[in-house]
Structure formats: C-alpha cells, structure tokens
Amino acid sequence: MRDSGSPWKPRSPSVPSSSAGSSRPDRVHPHVPREPAPEHAAEASPAHGHRDVELRLYGLNAIRAVFAKRPQAIRKLYLAEARIPQMQPLLKWCVANRVGYRVVEDADLQKLAASTHHEGVVADVLREDPLPLSTWLRDLPAGPQCALWLDGVGNPHNLGAILRSAAHFGVGAVLLPKHSTLALSGAAARVAEGGADAVPFVRLGREDNSIAQLHGAGFKLAATVVRGGSDLFKAAMPQRVVYVLGAEAEGMSPDLAKACDLRLSIPGSGAVESLNVASATAVLLSQWASRAR
C-alpha cells in the first residue's frame, strides 16, 4: 500500500494492503516510502461516531461529481493503480491540500466499499446537510420547477436511480419529511452516477406548514397513485409541481395523499400492477420536462 505522504486523520480506519511488500515501483510519488500493512482489515463504513458526518462513496462518477462540486468535502481517497491516469486532477488536488490517498488492491477496495462495484475508487467525504425548505424556496429561480417529495422511499438502489433521473431532468430538489431517516448511502450514490451531488436534499418542517410554504411559492402537489388518478399523459399540469412518491411497499400516507392538489396515475397494459418507484419517477419527470420546456 502506498500513500501520498499526507497525514491521515485520527478517525481513519485501518486499510489492508495486499500490495505491501511488493517489489513493484510506486508510480504516483516514487520518493514516498511504502507503508507496512496494518494488522486489521478496514471496516466497510466509517467509525460509528462519525457515521452521520462522513459518507463512504465508491464509483468513478460519484467521486468525480463530489470533486467537481465540493472538493473540500473529500477526506480520504483510495484507488486502484489502473485508475491513476484518470484521477490525476484529484490526486494533484489531494497533494496540494494535504488530503491523504492510497493506492490499494482490488480486494482492499471491495472491503472498503463492501461492494464489488467500486470501479477502482473509494473516498470518504463529509456529508452535505439538507437545506431548510425556506432557504431552498428563497433561492429558487423564477419559472417552471419540479421537486420530489419522498414519503417513505428507503431502498438505496431506488434512491440512487431516482437521483439519477432527477439530475437528468433538472429537478430542483428532493424533499424529505421532517422525521425521515432517509440519507444518501454509498450504494445510492454509485447508482446515481453523479446525480447525488446535482440534486440537493431539502428538509421539510411540519407537514401542513411545508405544504403551505410550497403553495405560497406557486407549487401544486401531485400524489402519484397506482390507480384512481388522472392519466399522467392527459392531465393539465402546473408549471411548478411537487411529485409525491410513496414507499416501495406501503405507498404514501393517506393523509398526505388527501392534502395533495392532484392525483396522477401512469396508464399501462395491466400486465403488471405498477412500475417500480424509480421507474415511475423517470416517467413522471420525462412528462414534466416535455411540457416545461
């Protein structure tokens, strides 16, 4: 295992290195001495006390997106030797800002990411706190806008796919209920392919107050339901809309559905009951974008 010579933060987990002791030359910084391998394998997530403030990301596009938008959030970087040419801008930034990085083997990356889908790079980054609804609304540009209210969505792969679609179609924010525990994970960020840093999370307050604030900013809330709603492809849509999406199994709360201004359904063949929440989101956003432009 090799590193840039920058000091590791005290909270850094130990990282194993199957390359330690190898005679292979260091291709990043040839003057940096090789470290001995630690005795214990790294945990798949940061230490418990820092789990809320740090996030372990993996995947090339997820980490490139963080570097492009908020490089100061990067705390540690691990990468495969084959990724060195592609990651040169980030590696140079790490050296200039004394952020530690290490070149490690594939097995180490799998342990760090707890996944085989690491794509040769893993990073520990600071989480970005959700914005308050009032702050997001205050800074919102005029004109057509779309947001997603996630009422119970919890599967990380669904969240990642939703964020990817949201970034693609220019969604303004993902709105999280006051007591929602939903948070970005490494798996969700990888599936989002960079979308996680393109769409901000916004924390709502009390439900009735949040709805009143959204109405005051010109938004209409559209409950997305499996049946009984207006045909998405025929319904008149407002310029500013919040699509309310329910949990994967239970759907949205009945009270929230009643508080919405519209009820929308996606018509289909009937061969299956409904679309997966992430697939449904892509259809909803495609239809919104086609009318908003």
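Fair warning: this is a prediction, and the values are worked out from it, not measured in the lab.

About the criteria used
Each chain carries its own residue numbering, running from 1 in the written order of its sequence. Given that the model is predicted, a residue must reach a pLDDT of at least 70 before its local features are reported, and side-chain atom pairs must reach 80 or more before they are shown or counted; all residues, however, enter totals for whole chains, interfaces and linings. For the side-chain quantities, the full set of heavy atoms in the structure was used; hydrogens and water were omitted. Strands are runs of DSSP state E lasting at least 2 residues, helices are runs of H or I lasting at least 4, and numbering of each runs from the N terminus. Only heavy atoms matter for contacts: two residues are in contact if any of them lie within 4.5 Å across the pair. For the accessible areas, the method is Shrake-Rupley and the probe is 1.4 Å, while residue cover comes only from the protein chains on display. Relative accessibility decides the category of a residue: with a 1.4 Å probe and only protein chains considered, values under 20% of the type maximum give buried, values over 50% give exposed, and everything between is partly exposed. Axis lines are fitted to C-alpha atoms, over the contacting stretch for helices. Their N-to-C directions set the angle, which ranges from 0 to 180 degrees. For classification purposes, an angle smaller than 35 degrees is called roughly parallel, one larger than 145 roughly antiparallel, one from 65 to 115 roughly perpendicular, and anything else oblique. Residue polarity follows a fixed list, in which Ala, Val, Leu, Ile, Met, Phe, Trp, Tyr, Cys and Pro are nonpolar, Asp, Glu, Lys and Arg are charged, and the others, Gly among them, are polar. Side-chain atoms within 4.5 Å link the members of a nonpolar core, which is a set of buried Ala, Val, Leu, Ile, Met, Phe, Trp, Tyr and Cys residues. Here a polar contact is taken to be a pair of N or O atoms separated by no more than 3.5 Å, where protein atoms must pair a possible hydrogen donor with a possible acceptor and residues adjacent in sequence count only if both atoms sit in side chains. In this analysis, strands are considered paired if DSSP registers two or more bridges between them. Buriedness of a pocket was judged along seven lines, with at least five required to meet protein on both sides within 12 Å; pockets are open sets of points on a 1 Å grid over the protein atoms alone, cavities are sets where a 1.4 Å probe fits but cannot get out, and lining residues have an atom within 4 Å of a point. Grid points are joined across faces, edges and corners, and a volume is the space filled by probe spheres set on the points.

Caption draft 1: How the structure looks around the overall build of the protein chain. Looking only at helices and strands, one finds 9 helices and 13 strands in the protein chain. Considering only contacts within the protein chain whose residues lie at least 6 apart along the sequence, 78% involve residues at least 24 apart. Accessible area of the protein chain: about 13,900 Å², with a carbon and sulfur share of 52%.

Caption draft 2: Fine view of the environment of Cys 260. Residue placement: Cys 260 occurs in the loop between α8 (254-259) and β13 (262-265). C-alpha separation for the pair Cys 260 and Ala 222, spaced 38 residues apart in sequence, amounts to 5.7 Å. Excluding its chain neighbours within four sequence positions, the residues that come into contact with Cys 260 are Leu 221, Ala 222, Ala 223 and Val 244.

Caption draft 3: Expanded view of helix α1 (residues 60-69). When we look at burial in α1, the residues that qualify are Leu 60, Ala 62, Ile 63, Ala 65 and Val 66. Considering only its buried residues, α1 is in contact with β2 (54-58), β3 (74-79), α2 (88-96), β5 (121-126) and α6 (186-192).

Caption draft 4: Inspection of the packing of helix α5 (residues 156-169) against helix α9 (residues 277-292) at higher detail. The N-to-C vectors of α5 and α9 enclose an angle of 10 degrees; their axes lie 9 Å apart at closest approach. Viewed along their axes, α5 and α9 adopt a mutual orientation that is roughly parallel. Across the interface between the two elements, Asn 158, Ala 161, Ile 162, Ser 165, Ala 166 and Phe 169 of α5 pack against Val 277, Ala 278, Thr 281, Ala 282, Leu 285, Ser 286, Trp 288 and Ala 289 of α9. Classifying every residue of the contact of α5 with α9 by side-chain character gives 10 nonpolar, 4 polar and no charged.

Caption draft 5: Region of the structure containing the nonpolar core. Leu 77, Leu 79, Leu 148, Leu 150, Leu 163 and Tyr 243 are the most contacted members of the largest nonpolar core, which has 53 residues in total. Sort the elements by how many residues they give to this core and α9 lands first, with 6 residues.

Caption draft 6: Spatial organisation of the side chain of Arg 56. Tracing the backbone shows Arg 56 in strand β2. Residue classification places Arg 56 among the buried residues on the basis of a relative accessible area of 5%. One polar contact links the side chain of Arg 56 to the main-chain carbonyl oxygen of Leu 112, over a distance of 3.4 Å. Here Asp 124 takes part through its side chain, which lies 2.7 Å from a polar atom of the side chain of Arg 56.

Caption draft 7: Local environment of the pairing of β13. Sheet topology places strand β10 (residues 220-224) next to β13; 3 bridges connect them, and they run parallel. Considered in β13, the bridge of Thr 224 is made with Leu 264. Bridge analysis of strand β11 (residues 230-231) against β13 gives 2 bridges, and the strand direction is parallel. Among the inter-strand pairings, Asp 231 is bridged to a residue of β13, identified as Ser 265.

Caption draft 8: Highlighting the sheet that holds strand β12 (residues 240-246). In space, the 8 strands of this open sheet follow the order β6-β9-β8-β7-β12-β10-β13-β11, with parallel pairing throughout. Every interior strand has two partners, whereas the edge strands, β6 (131-132) and β11, have only one. Packing against the sheet, α5 makes contact with β7 (145-151), β8 (173-176) and β9 (201-203), and its axis sits at approximately 175 degrees to β7. Packing against the sheet, helix α7 (residues 207-216) makes contact with β7, β8, β10 and β12, and its axis sits at approximately 170 degrees to β7.

Caption draft 9: Highlighting empty space enclosed by the protein. For the structure shown, the criterion picks out 1 cavity of 30 Å³ or more. Approximately 40 Å³ is the volume found for the largest cavity. The wall of the largest cavity is formed by Leu 57, Ala 62, Ala 65, Val 66, Ala 189, Gly 194, Gly 195, Ala 196 and Asp 197. Considering every element that reaches the lining of the largest cavity, the biggest residue donor is α1, with 3 residues. For the lining of the largest cavity, a count of residues per class yields 6 nonpolar, 2 polar and 1 charged.

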